[in-house]
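# Coordinates in review
As a plain string of letters, each chain reads:
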Amino acid sequence: MQHHRIAVFASGKGTNFEAIATACSRGEIPADVVLLVCDKPQAEVVEKAARLGIECFAFSAKEYSSKEEYEQQIVELLNSHGVELVCLAGYMRIVGSVLLEAYGGRIINIHPSLLPAFAGARAVEQAIEYGVKVFGITIHWVDNTLDGGKIIAQQAFNYEGNDAEEVHRIGQQIEHKMYVETIKKLL
Ligand code: GAR
């Protein structure tokens, strides 16, 4: 079976990054995570990459004059690493035209709601404020809309209450499995 090359983009804790990287190293996904891209040099995910021996490009957007400039650098890295699929995992930045032109149709994202409901930031909190009883996770293609690209996979769960942390906890357990399974199918 062909061995694929994937990149993960993240900004925070990196539990999805770790789930994907571990699944790759265990041979559950026929791929290697060859690059982590992180826009928060102090984020926990950067340490996780170091621990797992995965190369990391950590950058601060404010050190660049524009989104185009840092995305150009990212595209060069993706090309030089032969990346075939980009997995956004809590990457809290809008993907711009430079990345989309180079990698459009090869970028996926995981989002903690049943899209198209509750796109954007604080999806779980928005859903709780709305009083929803069925929460969920969506994996979708990334295009130039905010969380609006075509849906690849979704999973719902029932929850009655208003504890956002609890919803995040349930949701993340689903995310880790779902992201691994979806990447496997796509490859
Ligand atoms: C994930 O729960 C993901 O769904 C969410 O960020 C979290 C990152 O967690 N993404 C979004 O909200 C995107 N709009 P992690 O760093 O532990 O993988």
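Structure first, text after, so check above.
Residues numbered from 1 in each chain as written. Predicted model: local features only at pLDDT ≥ 70, side-chain atom pairs only at ≥ 80, totals over all residues. Heavy atoms only, no water.

## Things to note about the overall build of the protein
Within the protein, the regular secondary structure consists of six helices and seven strands. N-terminal to C-terminal, the α/β element order of the protein is β-α-β-α-β-α-β-α-β-α-β-β-α. Over its C-alpha trace the protein gives a radius of gyration of 16 Å, about what one expects of a compact globule, namely 16 Å for 187 residues. By its C-alpha atoms, the protein is 45 × 40 × 30 Å across when sized along the principal axes. Looking at the protein residue by residue over its 187 residues, the buried ones come to 50%. The contacts in the protein between residues at least 6 apart in sequence include a share of 62% that link residues at least 24 apart. Of the accessible surface of the protein, which amounts to about 9,500 Å², a share of 49% is contributed by carbon and sulfur atoms. Counting 17 positive and 24 negative side-chain charges, the protein places the averaged centre of each group 4 Å from the other. (Helix = DSSP H or I, 4+ residues; strand = E, 2+ residues; numbered from the N terminus. Rg over C-alpha atoms; globule rule 2.2 N^0.38 Å. Buried < 20%, exposed > 50% of the residue type's maximum accessible area, 1.4 Å probe, protein only. Contact = heavy atoms within 4.5 Å. Areas by Shrake-Rupley, 256 points an atom, 1.4 Å probe, with all protein chains shown as cover. Lys, Arg positive; Asp, Glu negative; His and termini not counted. Charge placed at Lys NZ, Arg CZ, Asp CG, Glu CD.)

## Digging into the sheet that holds strand E2 (residues 31-38)
Within a beta sheet, neighbouring strands are joined by backbone hydrogen bonds and run either parallel or antiparallel to one another. A sheet is described by the order of its strands in space; here seven strands give the open sequence E3-E2-E1-E4-E5-E6-E7, paired in mixed fashion. Bordering the open sheet on either side are strand E3 (56-58) and strand E7 (151-158), each of which pairs with just one other strand. This sheet shows a mean twist of 20 degrees between the axes of neighbouring strands, independent of strand direction. Relative to E2, strand E1 (residues 4-10) runs parallel, the two being bridged by seven bridges. Residue pairing in the sheet places Ile6 in a bridge with Val33 of E2. (Pairing = 2+ DSSP bridges. Axes fitted to C-alpha atoms, helices over the stretch in contact; angles between N-to-C directions.)

## Comments concerning the pattern of salt bridges
If charged atoms from side chains of opposite charge come close, those side chains can pair. Throughout the structure, instances matching the rule amount to seven salt bridges. For Lys40, the salt bridge identified is with Asp39, shortest N-O distance 3.5 Å. Residue classification places Asp39 among the buried residues on the basis of a relative accessible area of 4%. Between Asp39 and Arg93 there is a salt bridge; the shortest N-O distance is 2.7 Å. Here Asp39 is found in the loop between E2 and helix H2 (44-52), whereas its partner Arg93 is found in the loop between strand E4 (85-88) and helix H4 (97-103), with 54 residues between them in sequence. (Salt bridge = Lys/Arg side-chain N within 4 Å of Asp/Glu carboxyl O.)

## Re the site of the ligand
Every residue close to the ligand is listed here: Lys13, Gly14, Thr15, Asn16, Gly90, Met92, Ile110, His111, Pro112, Gly120, Gln172 and Glu175. His111 places a side-chain nitrogen or oxygen 3.2 Å from a nitrogen atom of the ligand. Gln172 places a side-chain nitrogen or oxygen 3.0 Å from an oxygen atom of the ligand. Contact with the protein chains covers 88% of the free accessible surface of the ligand, which is 450 Å². The cavity where the ligand resides is the largest pocket. Among the elements of the structure, helix H1 (15-25), strand E5 (107-111) and helix H6 (164-186) are those that each provide at least two residues to the shell around the ligand. Its residues assigned to classes, the shell around the ligand shows three nonpolar, seven polar and two charged. (Near = heavy atom within 4 Å. Polar contact = N/O pair within 3.5 Å; in protein donor to acceptor, adjacent residues only side chain to side chain. 1 Å grid on protein atoms, 1.4 Å probe; cavity = no way out; pocket = protein on both sides within 12 Å on 5 of 7 lines; lining within 4 Å. Sits in = over half its atoms within 2 Å of the grid points. Nonpolar A, V, L, I, M, F, W, Y, C, P; charged D, E, K, R; others polar.)

## Here's the deal with the nonpolar core
In this structure, Ile20, Val33, Tyr179 and Ile183 are the most contacted members of the largest nonpolar core, which totals 42 residues. The dominant element in this core, judged by the number of residues it contributes, is H6, at seven residues. In this structure Ile183 touches Ile6, Ile20, Ile29, Leu85, Cys87 and Ile108, once residues within four positions along its chain are discounted. The next biggest cluster of nonpolar side chains, apart from the first, holds 25 residues, and it includes Phe57, Val86, Tyr91 and Ile107. (Core = buried A, V, L, I, M, F, W, Y, C linked by side-chain atoms within 4.5 Å.)

## Some points on helix H5 (residues 123-130)
Each α-helix winds once per 3.6 residues, and so residues spaced three or four apart point in a common direction. Every buried residue of H5 is listed here: Ala123, Val124, Ala127 and Ile128. Projected onto a plane normal to the axis of H5, the buried residues spread over an arc of 135 degrees and lie on a single side. Exposed side chains of H5 directed beyond 90 degrees from the buried face belong to Glu129 and Tyr130. Contacts made by the buried residues of H5 are with E5, strand E6 (134-141) and H6. At the C-terminal side of H5, Gly131 shows a positive phi close to 85 degrees. (Arc of directions from axis to C-beta.)

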